[in-house]
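Coordinate inspection notes
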Amino acid sequence: MMSARPDPELDAIFEEVGDLEGREFARWLHAAPHPAAGVEPDPRFRYELRRKLLQEASRRSSAGPWYRRLLPSPMRLAASAALVGLLLLALAGIAVFSNREGSNQQVLVQSPLANSKLVALAQPITLTFSQPMDTASVEEAVSIEPATKVTYRWQGDTQLQIVPENQLAPNVRYQVTVKPGAKTTNGVPLQKPAVIAFWTAPTPPPTAAPPTVAPTQTPAGALSGLQRVGPAGQVPPVWSPDGGTVYVVGPGGQLTAYTLSGGSQVIVSSGVSAVAVGPQGPAYAANGEVVYGEEKLQVAQPLAIGFQGGSLEVATTQGVEAADGSQLASFSETAQDAQLSPDGEWVAYLGASGNLHLVDLRSGQDSQLGPASALGAWSPDSSRYAYPDGSAVEVVSQGTAAQVATVPQLTGITWTSQGQLLLATQTGLDLMEADGSGLMVVAQGSFQTPIWAPSGQQFAFGRSGAIWVATLKAPASPSPSPAAAQNQFVSQFFSDLENGQVSEARALLGSQAQQALSGLGQLLSGAMLRYYVVLSQPGTEVVRVVSGQGSSETATDYTLNLVHSSGGWLIGGISAHQLTDFGSGPEVLHVAVSQSQVRVSYDSDLNPTTVSGVTVQGIQAQASYDAATRTVILTIPGGLTPGQTYTLAVTGALQDISGRSAEPYQLAFVGPSSGAGSPTPSPSPTG
Amino acid sequence: MSSLPSRWDEQAVVERAKRDPAAFGELYDRYFLQIYRFVYSKMRDQTAAEDVTSEVFMKALKNIGRYQDTGKPFSAWLYQIAMNSVFDRYRSARPVEDIDDRRDLAVDGPGLEEMAAQRDELRRIWAVVETLPKPQQVAMVLKFQEDMKIEDIAAVMGKSAGAVKLLIHRGVTRVRQTVGSTV
C-alpha cells in the first residue's frame, strides 16, 4: 500500500463524523497518482494553441485598450474626460499614480529553461527581468544549486545570461535563485526570491577517449560497384526510400532523378536549392516555392525540407514552417543552413555565429550546442546527430554533445543503416561505431559529402565535381561488450519500472530479488523522476533512483547483483540505501574504478582544498581534483587488490565552492582484475 | 498533482496580462498542463480534451479583462471555466452508455498482484468516481486530483465550504461501498 499523505482539511471531513476508515481511504487516494496524471498532451497541439492565443491577444491589443471596448459610448466620453483631468493634474506636478511597467511594479523573473527537462549540458541560463535591473545587485543576489562556477553576461539591463564555467552536470535538478537583494535601477527590490528550476539531460553514452590514433587499415575489397551518377552542384544528393534512385541537384540547380539500374529523368531544369523525398516522391525548393506533388508553398529563404508523419515542413533562415503555414519553431539566431531529422521532429541548424543548434519541434526548445564547422547528419532513427567541428567528430545524444573521434581533413559524415558513422576525408573513407570505437579506413581517395542509402550498403558521395555511388561491405557491428550488455540489461529493468511495466521488470528478477523487491515499494510506486548508474562493475551495478515532487527530491541507491541465466542476465539480489538529505550538499554522480585510480564525479563544483574528505577506507590514496569534470581522483600507489572489497567513504570535510558540506556517504566496490573490463558472471541463482 | 504557484507571482502575472494581452502566454504556460489533464480526466478522449482545453483558454483570454482578484487562485477561475465547458460538452454530446460501459470495465478488472494490482485498483476507483453525481465527481477530482483547498473548490463550484465537504464525504463513502475495502 502506498504511503498515505495527510491533508488536514481532508482528515477533518472524516474525523468530524468519526469515520476513521474513510479518513484512511481518503489519505490513500490523496497520495495515489490519478490515472490521468501522466497523460501528456500532444506538444504540437500545445504549441499551436499558444500561438493562436497570442495571435488573438495581439489582435485584441492592437484593436485598442480593453476598457474602451467594455465601456458604452457615453461612458467612453466620461472616461476621456477623466483622462484629460488626470493629464492636467500630472502636468501640474501632482503625482497621482503610475501604472507603467518599470516604476513601482513588482519585478517578474523568467527563464526559457524554467521547469525544462533534458536540458543540454552546454547551456547558458538566461534570466529575463520585467524591469531594468541594477546589474551588480542582481549578480550579488544570484545563487545556483548544485554549486556551480559561473560568469555573467548582460544584454541591456533586463536580460542576464549565466554562463557555467564547465558543462552542467548530467541528471541533476538545478535551481537558480534570485534573492530579494536584487534591485531595479529605480532601487525597487524583489519582494521575494525568484526561483527557476530545470533538469539536465542524462549522461551521454560512455565514450572511449577520442581516438586520434591512425585507424586500422583497409579491409580488402570493402568498396565495390563504383558508379558515376551525374554532375554535382551545391546541394547534397538524396536517396529514394527504396535506395533505387538518387536525386541530384546539378551545378545550375537542375534536379535529376537517376535510377541505379539505368536511366535518368530531369524533374526541374534550374533553380533548385533544396530537395527531400517524401511518401509521394521528391519535394524541392525553387524560385521562392516549395513544390511537393500538387502542393505549392510560398516560402521565403527555404534551407531544408522534411516530413513529419507524411506532412511537409520547411526550415528557413528564421524557423520551421508546416505546410499549413503555421510556425513550428522560431530560431534564436539566423540560420545559414539546416537539416530536418528523418522523423521530422527535430531540426539542426548552423547559426550565423557559427554555433550549431538543435531544436525540438514538439516543444520549440532551441538548444545551442557550440561551434561547428558544418552541418553533419541525423541518425536514421533521429535519436542522434553527428557533426564536425574542425577535425573533431561530435555526436549529440539526449541533448548532450560528446567528442567521439578526431579525424583530420574531414569533408563529410553520414550514418550507415547499421548505425555506424562513415566519415569522408580528403584522403579516404573511415568507418567507426557511434562511440568512436573500431575506427578503420575502408577506402583510399578523395571523398566528399557521403550520403548513405536508407537501406542496404550503398552510399552516394561527391568527387571531382560529380556524384558517385558505391557499395560498402561494412563490417558487422561488434556485439556489445559484456560491460555494455550488463548496462543495457540494467537500463531495461529501470526503464520498465519508469514506464509502469511492472510485470516486465519483475520478469528480470531471480526469486531472491523478487522477495527483496516486495520490501522496496518506493521503487514500484511510479514516483521515479530519473535514475542513473553510480557504479558499474562486473556483476554489480549501483543505480540511483531520484523520486519526489517539485523542489523536494529524495534519492535511494539500489545495489543490483547480476547473474547469468540461460536466457541472458538476471537480477539475483537487490538492496536499497536511502541517501540522507539528498541535494543539501555536493552529491556523488558517478564512480569509476580502475586498478590504480578511483574517480568520483560530483554534481557541484568543489573546493579543491577539501577533497581529502573523499577516501578509500584502509588505503593510503592521493586525492586530486579535476575541476573541468568535477571529479575527485584518488590515486592508489601499488594499486587495488583484484577481487578485494573496498569502501569509498565521503565525509563532511568535503565542501562545494559555496561552503556546503557533503553528507556522509559510503559505497562498496571491488578491486578490478588487471586488464579485465568485462563483467564476471556470478553463479546462477538457485530456485 | 502539480502545486499551485504562490499568490504573489500569480497576481502579478494576471495583472500584467490584463494590461498586456501578450503576457497571457505566461499564464497559459503555467496552467496549460493542469487544465488539459483536468479536462482529459473528464473527457477521456484526446480530441475532445484538446477542443475543450482550447475553448477554456480562449474564454479566459476574452474575459481576463473582467477578472477580479477575490483572494482565490487564478487557477480556480480557470477550473471554473473548464468545469462549465466540460459540462456543456457532456450535455451536448456525451452518450449515457459510456458511463455504464465504464462501470462494467471498472468492476471486471483482473486481480493483479501488488503494484500492478494497486494501479488497477486506482483505475477502478476513478472509474467509479465518474459514475457519481456530477457535483460529487467535481469535488473529488478537484480535491484528490488537483489538490485544491476546500475554499478554492467552493469558489470554483459556487458552493459553501460546508457543502463541498459534504460532497467529498458522500463521494468517498459511495466509492468505498462500490469497490469494497480492498485497499
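Each value, and the rule that gives it
- Residues numbered from 1 in each chain as written.
- Chains lettered and ligands numbered in written order.
- Predicted model: local features only at pLDDT ≥ 70, side-chain atom pairs only at ≥ 80, totals over all residues.
- Heavy atoms only, no water.
- Pairing = 2+ DSSP bridges.
- Helix = DSSP H or I, 4+ residues; strand = E, 2+ residues; numbered from the N terminus.
- Phe/Tyr/Trp six-rings, centres within 6.5 Å; stacked < 30°, edge-to-face > 60°.
- Buried < 20%, exposed > 50% of the residue type's maximum accessible area, 1.4 Å probe, protein only.
- Lys NZ or Arg CZ within 6 Å of the ring centre and 35° of its normal.
- Salt bridge = Lys/Arg side-chain N within 4 Å of Asp/Glu carboxyl O.
- pLDDT = per-residue confidence, 0-100.
- Contact = heavy atoms within 4.5 Å.

Let us look at the sheet that holds strand β26 (residues 384–389) of chain A. Read across the open sheet, the four strands follow the order β25-β26-β27-β28 (chain A); overall the sheet is antiparallel. Looking at strand neighbours, the two that pair on one side only are β25 (377–378) and β28 (400–406) of chain A, the edges of this open sheet.

Residues and elements named next belong to chain A. By the bridge criterion, four bridges tie strand β15 (residues 289–292) to strand β16 (residues 295–298) in an arrangement that is antiparallel. The residue bridging V290 from the neighbouring strand is L297, located in β16. Remark: two residues form the turn of the hairpin made by β15 and β16, two consecutive strands paired antiparallel; G293 in that turn has positive phi of roughly 55°.

Turning our eyes to something else, we now look at the packing of aromatic side chains. Per the stated rule, a full pass over the model turns up 25 aromatic pairs over all chains. On the basis of an interplanar angle of 50° and a centroid distance of 5.9 Å, the ring pair of F45 of chain A and F32 of chain B is categorised as tilted. One end of the pair, F45 of chain A, is in helix α3 (residues 43–62); the other, F32 of chain B, is in helix α2 (residues 24–43), on a second chain. Given the relative accessible area of 12%, F45 of chain A is considered buried. Here F32 of chain B falls in the buried class, since its relative accessible area comes to 0%. Plain terms: the ring middles of Y67 of chain B and F74 of chain B are 5.1 Å apart, the flat faces sit at 80° to each other, and that makes the pair edge-to-face. Comparing Y67 of chain B with F74 of chain B, the two get one shared label, buried. A connected cluster of aromatic rings, assembled from ring pairs, spans F45 of chain A together with Y28, F32, Y36, Y40 and F57 of chain B. Lying across the ring of F447 of chain A, R463 of chain A places its NZ or CZ 4.5 Å from the centre.

The next subject is the pattern of salt bridges. Summed over all chains, the structure comprises 18 salt bridges over all chains. Salt-bridge contacts for D19 of chain A lead to R176 of chain B; the nearest nitrogen and oxygen are separated by 3.6 Å. Of this pair, D19 of chain A sits in the loop between α1 (8–15) and α2 (20–31) while R176 of chain B sits in helix α9 (residues 161–179), on two different chains. Ionic pairing is found between D557 of chain A and R544 of chain A, a salt bridge with its closest N-O pair at 2.7 Å. Here the residue D557 of chain A occupies a position in strand β38 (residues 552–565), and R544 of chain A occupies one in strand β37 (residues 540–549), the gap between them amounting to 13 residues. Judged by its relative accessible area of 0%, R544 of chain A falls in the buried class. Taken together, the shared-partner salt bridges connect D11, E15, R23, E24 and R27 of chain A into one network.

Moving on: the confidence of the model for chain A. Residue and element names in this part refer to chain A. Averaged over every residue, the pLDDT of chain A is 80; the share at 70 or more is 83%. Contacts for the low-pLDDT stretch residues 64–104, under 50 throughout, to residues beyond four places or in other chains number 30 contacts. When the criterion is pLDDT under 50, residues 676–687 qualifies, and its contacts beyond four places in sequence or with other chains add up to 23 contacts.

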